[in-house]
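# Structural overview
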Amino acid sequence: SQKIEQNSEALNIQEGKTATLTCNYTNYSPAYLQWYRQDPGRGPVFLLLIRENEKEKRKERLKVTFDTTLKQSLFHITASQPADSATYLCAGGAGTASKLTFGTGTRLQVTL
Amino acid sequence: GAGVSQSPSNKVTEKGKDVELRCDPISGHTALYWYRQSLGQGLEFLIYFQGNSAPDKSGLPSDRFSAERTGGSVSTLTIQRTQQEDSAVYLCASSFFPGGAGELFFGEGSRLTVL
């Protein structure tokens, strides 16, 4: 079955550094990959969407890549801040009538 | 409303009882999803409605779970004869675009506790 895999271990980084989170997909070829932020007790909030024919997309301090050869997306937060601490979820969709499949998320902790 | 609304926000029930969870999506959104999130876990897909197409029910864990979407708008997720393992946060999301082609807007979830 189609699967989105993220590193379940928490990522701890120092303020000001770049955080890089990894998302791998197996058993399908998503046409879209999306990244969400989730804070404790809240619903996920959309951050970025990247299409399979796009190599990279940026939004302010965020950057996401889509590598169809490696079957992987990387999510970068530059100049990270303590307020960036949250769980980040990757999701893949094949388009049209298909569902959006989420990974288990990676918790990011940014310390001073 | 401006966003996706879910009710109730919290539900405590006894094992064996039936529960209904409601989702009001954003007006005009044709795609509607239900996900389940257990403590510290990721989002487990349950069911996906897209316009007038037959829903994708492939994520429903057992025949105790069912969902409907009336008039292409409000959706109700029903869990019959609840079990303790059904305890989780049930999240609803809607989107203007099908199949992950656009962002999903999530509600704040319905937290279900089965005693």
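For the structure itself, look to the data block above.
It should be emphasised that the depicted structure is a prediction, and the values quoted were computed from it without experimental measurement.

Let us now look at the overall build of chain A. When you go through chain A residue by residue, the secondary structure sums to zero helices and 11 strands. Order of helices (α) and strands (β) in chain A, N terminus to C terminus: β-β-β-β-β-β-β-β-β-β-β. A compact globule built from 112 residues should have a C-alpha radius of gyration of about 13 Å, and chain A, at 13 Å, falls within 12% of that. The principal-axis extents of the C-alpha atoms in chain A amount to approximately 40 × 30 × 20 Å. Taking all 112 residues of chain A together, 48% fall into the buried category. Considering only contacts within chain A whose residues lie at least 6 apart along the sequence, 55% involve residues at least 24 apart.

All names here are of chain A. Read across the open sheet, the five strands follow the order β1-β3-β8-β7-β6; overall the sheet is antiparallel. Strand pairing shows two members of the sheet lacking a second neighbour, β1 (3–6) and β6 (56–59), which therefore form its edges. Averaged over all adjacent pairs, the angle separating strand axes in this sheet is 15°, with direction ignored. The pairing of strand β3 (residues 19–26) with strand β8 (residues 72–77) spans six bridges and is classified as antiparallel.

Each side of the interface is counted separately: chain A has 23 residues, and chain B has 21 residues. Note on chain A versus chain B: buried area summed over both sides is about 1,600 Å², and carbon and sulfur give 54% of it. Taken as a group, A:K99, A:L100 and A:F102 account for 29% of the area that chain A buries against chain B, more than any other trio of residues on that side. Counting across the chain A and chain B interface gives one salt bridge. As a salt-bridge pair, B:E108 and A:R42 come within 3.0 Å of each other at their nearest N and O atoms. The interface formed by chain A and chain B contains seven residue pairs in polar contact (both at pLDDT 80 or more).

For the rest of this paragraph, the subject is the pairing of β6(A). All names here are of chain A. Note: β6 against strand β7 (residues 62–67), four bridges, orientation antiparallel. Within β7, the position partnered with K59 by the bridge is L62. Hairpin connection from β6 to β7: two residues lie between these consecutive antiparallel strands, with E60 at a positive phi of about 55°.

Residue and element names in this part refer to chain B. Burial along strand β3 (residues 19–24) is one-sided: V19, L21 and C23 are buried, while E20, R22 and D24, pointing the other way, are not. As paired strands, strand β1 (residues 5–7) and β3 are joined by three bridges and run antiparallel to one another. Looking across to β3, one finds that S7 is bridged to R22.

According to the stated counting rule, one finds 10 salt bridges over all chains in the structure shown. Residue A:K63 pairs with A:E56 through a salt bridge whose shortest N-O separation is 3.9 Å. The partner of B:D86 in a salt bridge is B:R64, with the nearest N and O atoms 2.8 Å apart. Of this pair, B:D86 sits in the loop between β7 (75–79) and β8 (88–95) while B:R64 sits in the loop between β5 (44–50) and β6 (65–69), and the two are 22 residues apart along the sequence. You'll find B:D86 and B:R64 in the same group, each marked buried. Each member of the salt-bridge network shares a partner with another, and the members are A:E56, A:R58 and A:K63.

A few words on the sheet that holds β3(B). Hydrogen bonding along the main chain pairs the strands of a sheet, whether they run parallel or antiparallel. Residue and element names in this part refer to chain B. Across the sheet, which stays open at both edges, the four strands sit in the order β1-β3-β7-β6 with antiparallel pairing between neighbours. Edge positions in the open sheet fall to β1 and β6, since each of these has one partner strand only. Recorded for the sheet is a direction-independent mean angle of 15° between the axes of neighbouring strands.

Turning our eyes to something else, we now look at the environment of B:K15. Examined against the element boundaries, B:K15 turns out to sit in the loop between β2 (10–13) and β3. Distance from B:K15 to B:Q80, taken between C-alpha atoms, is 9.9 Å for residues 65 residues apart in sequence.

With that settled, the discussion passes to the nonpolar core. With 22 residues, the main nonpolar core has A:I4, A:L33, A:W35, A:F75, A:I77, A:Y88 and A:L108 as its most contacted residues. Residue assignment for this core shows that the elements contributing at least two residues are β3, β4 (32–38), β5 (45–51), β7, β8, β9 (86–93) and β11 (106–111) of chain A. Counting residues per element, this core draws most heavily on β3(A), at four residues. Those residues in contact with A:Y88 that lie beyond four places of it in its chain are A:Q6, A:L21, A:W35, A:Y36, A:R37, A:L47, A:F75, A:I77, A:G105, A:T106 and A:L108. By size, the runner-up hydrophobic cluster in this structure holds 21 residues, among which are A:Y32, A:A91, A:L100 and B:F106.

Procedures and definitions
- Residues numbered from 1 in each chain as written.
- Chains lettered and ligands numbered in written order.
- Predicted model: local features only at pLDDT ≥ 70, side-chain atom pairs only at ≥ 80, totals over all residues.
- Heavy atoms only, no water.
- Helix = DSSP H or I, 4+ residues; strand = E, 2+ residues; numbered from the N terminus.
- Rg over C-alpha atoms; globule rule 2.2 N^0.38 Å.
- Buried < 20%, exposed > 50% of the residue type's maximum accessible area, 1.4 Å probe, protein only.
- Contact = heavy atoms within 4.5 Å.
- Pairing = 2+ DSSP bridges.
- Axes fitted to C-alpha atoms, helices over the stretch in contact; angles between N-to-C directions.
- Buried area = accessible area lost by both parts, 1.4 Å probe.
- Salt bridge = Lys/Arg side-chain N within 4 Å of Asp/Glu carboxyl O.
- Polar contact = N/O pair within 3.5 Å; in protein donor to acceptor, adjacent residues only side chain to side chain.
- Core = buried A, V, L, I, M, F, W, Y, C linked by side-chain atoms within 4.5 Å.

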